[in-house]
Amino acid sequence: MSKILSMRKSILIAILFALCFVSAQDVIAQRRNPAKSADIAFERKQYYSAIEKYKKAYKKTGKKKYKDERTRITYQLGECYRLTESYRLAAAQYKRVVKSEFPKEHPEVYLYYGDVLKSEEKYEDALYYYNLYSEAVPDDPRGQRAAEDIQYIQEWMEYPSKYEVTRMKNLNSRSSDFGVAWTSNNFNEIIFSSSREGGVTKEKDVITGQHFADFYTVRQDKNGEWGEVNLADDADIINSEGSEGTPFINKAFNTMYFTRCPNHKNRESGCQIMKSSRSGSSWGDPVTVTIANIDSLDVIGHPTLTDDELIMYFAADRKGGFGGKDIWVTTREDKGSDFSRPFNLGPVVNTAGDEMFPFLRNDSTLYFSSNGHGGMGGLDIFVTTIDSTGNWGVPKNLRSPINSIGNDFAIVFHPAEERGFFASNRDSRNGLDDDIYYFIEPPILFTVTGNIKDLNSLQYVEGANVRLSTAEDGVVASTLSSESGNFLFTNNQVFLDKLYILTIDKDNYFTMTDTINTIGLEFSRDFTKDYDLSPIPDQPVVLPDILYDLAKWDLKPQFEDSLQSLIETLQINPTITIELGSHTDNRDSEERNDILSQKRAQSVVDYLILRGIDPLRLTAKGYGERVPRTLQKDYVFDGYTFKSGTQLTEEYINSLESNNLKEYAHQLNRRTEFRVLSKDYVPRTNINDNQTAQIRLRPEDNKIDFVQDTRGNFSFNAIVNAYTERITYDQSFDFGVSQIKAMAMLKDGIITKNDFKGDDIDKIITAGAIKNLSVFVIKEMRIADKTLYNVEVTVYNNLLYDWVIGQKVLKKFGNFEFDINTMKLIFK
């Protein structure tokens, strides 16, 4: 067992075979050695015994003349602790050694100290000593690799690989359990190695203190539960008084290759690769697999073969390698022949460290464990593939959760599925007890869920049409948002390696699009996002940064990019038509300004048509100077701030102190806006280039009709934020709106949450309600040809009419009278 358990990982580096260790004792080989018996135990890998002997030897070297020997013994103690994975104790010994002159002759102490510090998750300290080792031994890539891995460990922990890992509690014991192989094509029975009690012999390995490893089997029932673990055979055919491990079973499940390390009492022995054939359920007597230039004293193990069993990979520490244990390969002509002289896989796979436990999958993919390629700690599992020229690629770390800060090794895969087993001591109490872990790549499933709200009102949007589409397949799934604004696409509708376009649309809202990308994802994911739909406004929207020179109407090239957002809006929303309205400053006559503004509107329309927008969706309208701009944000010019909410009237502009400020204000008034006219346009497939956009004129008047209801109250129309509303006049009232009407305006986007006064908007607006006596601001309100801006109105829960306005507020529009004879409201 000593040889099997010491090869399975770096602490028991010869689990299935014993390896020679060249210690620092050679430095003083020619002089008296007070630690001779400890060194012999160490060479035999009897580390626990060596620890006690080194402690006694250390006490005998108290004199100054033994200073170097004391340092060497301290290093050897550190090695014993490291190789038994008592990392905290090892670190204490190495810490003393690195302060001495010892590392000058033996710089590997830096590397080992870094390893134990990494295992203790002291990454910054580990990095320091890895760098020292790289400086001392620049030709050994292990130091640089380990330093680089420090940067990746936390990333690997945070972003693990695609596998899910489960510790097999029913299979594992308090001793070491490792090396799994399936024994039938039903894949419901496995064979594995274990050093648990109840094996062939009660004798314990002097190296590990555990029993020699034997083969055990266990079956899985129809419910997926693993049953009782039993010795693999009662006749001690494949099990012996030595150690057996790392089985490999061929694809016909009738031949098993494995490693056996005999336990000869009075003579030296190595470890061999054995083969046993099965007839029915019984395994036959194992025979040694003959490999050229390999004899019974060599230590080899961990066989894995190609499907035709003509190529075998195995692990060994032999002449011609690259340092520690390497992976070798050997071939034969047919199954009845001996294997040829093995050759090393080369420096791409093998390192100055240890490479062991190879597992070949599909004849072209090799998994193995290594402590020489860096990684998370101890032995990590790597994968490499062979190309058409026979060269192996750079090994890749399988990352967490397959790998850990402990030793991870002996991975095997199901031949057709992404699942299998491996061994690890990550949860071991003492670092010696390896456990079997099951891993699986779960199916990668996706869902897309979301919640849709009105951007302005914060209310849920019910009945929005939500579609998933791809460029290849068009619309692949669609649904409607629920009463609470939710929608869902299940894993039967969303698949891997697709780029989906999510489209959300609803009447009176701008269409919204988003992308859902599942290309190359390794994990299941629930795509969840909230969407705020923007209501299509009837009020004008100022286009950004389209400014004109005085008395000019041509569209400047530098402002063409400002129209890109409008073009995208029109492309995404093909059913809306818009009015492009242009405005001038108040200089020159009204007639000339009307003509100039019409030409400016037409210049924008012409550009949109040039970019492929249907001319029948566009209307050009020149407003001249009649609608001064109300600023929606602050503008700073020449040290002066034009505040948000300022209306750039002639009176305001004349009040400015300098001509520069006045000119800038006039420039701000020269603008182009767009207003949505309709939302039900039917897109055309054939557009006639000879068709032109509409030209629209809108006469203004200072009179408006009113009616008198049965209660004697007058009512008339007003334009509130570009929407027509019916206003009732009550002389003694102030200005109010019913809660029902205010909620409707929120849902329709006529007002937004930002229009309400008060800091705690969540208490003012709740789902389906607005707090009584809340106040919001109407940005623009027009009655006849009179316009007010930023008008405050109060919400009343029990108001009889939708809107009620009193004399005080109505008079702000100008002096007025209700002419009973003509039934007109007249502003004077």
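What you see is a predicted model, and the numbers here were worked out from it, not measured in a lab. (Residues numbered from 1 in each chain as written. Predicted model: local features only at pLDDT ≥ 70, side-chain atom pairs only at ≥ 80, totals over all residues. Heavy atoms only, no water.)

### With respect to the packing of aromatic side chains
Moving on, step 1. By the definition in use, this model includes 42 aromatic pairs.
Moving on, step 2. Both rings, one in Trp 226 and one in Phe 421, keep their centres 6.3 Å apart while their planes meet at 70°; by these two values the pair is edge-to-face. With Trp 226 in the loop between strand 4 (214–219) and strand 5 (230–231) and Phe 421 in strand 20 (residues 419–424), this residue pair connects regions lying 195 residues apart in the sequence.
Moving on, step 3. Between Phe 816 and Phe 827, the aromatic rings sit 6.5 Å apart at their centres with planes inclined by 55°, giving tilted as the arrangement. You can see Phe 816 sitting in strand 45 (residues 816–819) and its partner Phe 827 sitting in strand 46 (residues 824–827), a full eleven residues away along the chain. Comparing Phe 816 with Phe 827, the two get one shared label, buried. (Phe/Tyr/Trp six-rings, centres within 6.5 Å; stacked < 30°, edge-to-face > 60°. Helix = DSSP H or I, 4+ residues; strand = E, 2+ residues; numbered from the N terminus. Buried < 20%, exposed > 50% of the residue type's maximum accessible area, 1.4 Å probe, protein only.)

### Focus: the pattern of salt bridges
Where side chains of opposite charge bring their charged atoms close, a pairing between them can arise.
Moving on, step 1. Enumeration over the complete set of coordinates arrives at 34 salt bridges.
Moving on, step 2. Here Arg 419 makes a salt bridge to Glu 417, at a shortest N to O gap of 2.5 Å.
Moving on, step 3. Arg 419 gets classed as buried once you look at its relative accessible area, which sits at 16%.
Moving on, step 4. Among the residues examined, Glu 417 registers a relative accessible area of 37% and is labelled partly exposed. (Salt bridge = Lys/Arg side-chain N within 4 Å of Asp/Glu carboxyl O.)

### Some points on the sheet that holds strand 24 (residues 474–480)
Moving on, step 1. Taken together, four strands build an open sheet; the order of strands is 24-23-26-27 and the sheet is antiparallel. Only two strands of the sheet have a single partner each, and these edge strands are strand 24 and strand 27 (512–517). For this sheet the average axis-to-axis angle between neighbouring strands, irrespective of direction, equals 20°.
Moving on, step 2. Both strand 23 (residues 465–470) and strand 24 contribute to a ladder of six bridges, which runs antiparallel. Paired with Arg 467 across the bridge in strand 24 is Ser 478. (Pairing = 2+ DSSP bridges. Axes fitted to C-alpha atoms, helices over the stretch in contact; angles between N-to-C directions.)

### Some points on helix 10 (residues 564–572)
Spacing of three or four residues puts side chains on the same side of an α-helix, whose turn is 3.6 residues.
Moving on, step 1. Along helix 10, the positions that sit buried rather than exposed are Leu 566, Ile 567 and Leu 570. Looking down the long axis of helix 10, one finds its buried residues gathered within 100° of arc, a one-sided arrangement. (Arc of directions from axis to C-beta.)

### Some remarks on the state of the cysteines
One way to say it: the disulfide is the covalent bond shared by the sulfur atoms of two cysteines.
Moving on, step 1. The final tally for this structure, using the stated rule, is one disulfide.
Moving on, step 2. Cys 261 shares a disulfide with Cys 271; S-S distance 1.9 Å. Here Cys 261 and Cys 271 share a disulfide; its torsion about the S-S bond, 115°, makes the bridge right-handed. Note that Cys 261 is positioned in strand 7 (residues 255–261) and Cys 271 in the loop between strand 7 and strand 8 (272–279), a separation of ten residues in sequence. (Disulfide = S-S within 2.5 Å.)

### Re the confidence of the model for the protein chain
Moving on, step 1. The share of residues in the protein chain with pLDDT of 70 or more is 90%, and the mean pLDDT across the chain is 87.
Moving on, step 2. Confidence drops under pLDDT 50 across residues 1–31; counting only partners more than four residues distant or on other chains, this segment forms 160 contacts. (pLDDT = per-residue confidence, 0-100. Contact = heavy atoms within 4.5 Å.)

### Brief notes about unusual backbone geometry
Moving on, step 1. Of note, the amide linkage connecting Ser 400 to Pro 401 takes the cis form, showing an omega dihedral of 5°.
Moving on, step 2. Secondary-structure assignment places Pro 401 in the loop between strand 18 (396–397) and strand 19 (408–413).
Moving on, step 3. The phi dihedral of Asn 293 is positive, around 70°, even though this residue is not glycine.
Moving on, step 4. In this fold, Asn 293 is placed in the loop between strand 10 (287–288) and strand 11 (300–305).
Moving on, step 5. Unusually for a residue other than glycine, Met 823 sits at a positive phi of about 55°.

### Observations concerning the packing of helix 7 (residues 108–119) against helix 8 (residues 123–136)
Moving on, step 1. The interhelical angle for the contact between helix 7 and helix 8, taken along N-to-C directions, is 165°, at an axis separation of 8 Å. It follows that helix 7 is roughly antiparallel to helix 8 by the angle criterion. Seen along the crossing, helix 7 lies across helix 8 with a hand that is left-handed. Residues Glu 108, Tyr 110, Leu 111, Tyr 113, Gly 114, Asp 115, Leu 117 and Lys 118 of helix 7 touch helix 8, and the partners they reach there are Tyr 123, Asp 125, Ala 126, Tyr 129, Tyr 130, Leu 132 and Tyr 133.
Moving on, step 2. Among the residues forming the contact of helix 7 with helix 8, the class breakdown is ten nonpolar, one polar and four charged. (Parallel < 35°, antiparallel > 145°, perpendicular 65-115°, else oblique. Left-handed = near helix turned anticlockwise from the far one by under 90°. Nonpolar A, V, L, I, M, F, W, Y, C, P; charged D, E, K, R; others polar.)

### Comments concerning the environment of Asp 634
Moving on, step 1. For Asp 634, the position within the fold is in the loop between strand 31 (618–622) and strand 32 (635–637).
Moving on, step 2. Once the C-alpha coordinates of Asp 634 and Cys 271 are considered, the two residues, 363 residues apart in sequence, prove to be 84 Å apart.
Moving on, step 3. Contact partners of Asp 634, with chain neighbours within four places excluded, come to Thr 641, Phe 642, Lys 643 and Ser 644.
Moving on, step 4. Polar contacts involving the side chain of Asp 634 include one to the main-chain amide nitrogen of Ser 644, which spans 2.6 Å. (Polar contact = N/O pair within 3.5 Å; in protein donor to acceptor, adjacent residues only side chain to side chain.)

### Let's talk about the packing of helix 3 (residues 47–59) against helix 4 (residues 67–83)
Moving on, step 1. Running from amino to carboxyl end, helix 3 crosses helix 4 at an angle of 160°, the nearest separation of the two axes being 9 Å. On the basis of their axis angle, the class for helix 3 and helix 4 is roughly antiparallel. The handedness of the crossing between helix 3 and helix 4 is left-handed. Of helix 4, the residues touching helix 3 (which contributes Tyr 47, Ala 50, Ile 51, Tyr 54, Lys 55, Ala 57 and Tyr 58) are Arg 70, Ile 73, Thr 74, Gln 76, Leu 77, Cys 80, Tyr 81 and Leu 83.
Moving on, step 2. Taken together, the residues of the contact of helix 3 with helix 4 sort by class into eleven nonpolar, two polar and two charged.

### Description of the sheet that holds strand 12 (residues 311–316)
Moving on, step 1. Strand order across the open sheet formed by four strands is 11-12-13-14, with antiparallel pairing between neighbours. The open sheet is flanked by strand 11 and strand 14 (343–344), the only strands paired with a single partner.
Moving on, step 2. Bridge count for strand 11 against strand 12 is four bridges, and the pairing is antiparallel. Within the sheet, the bridge partner assigned to Gly 301 lies in strand 12 and is Ala 315.

### Considerations on the environment of Val 329
Moving on, step 1. For Val 329, the location among the structural elements is in strand 13 (residues 326–331).
Moving on, step 2. Residues Val 329 and Leu 398, 69 residues apart in the sequence, show an inter-C-alpha distance of 23 Å.
Moving on, step 3. Beyond its immediate chain neighbours, meaning those up to four positions away, Val 329 contacts Ile 311, Met 312, Tyr 313, Pro 342, Phe 343 and Leu 345.

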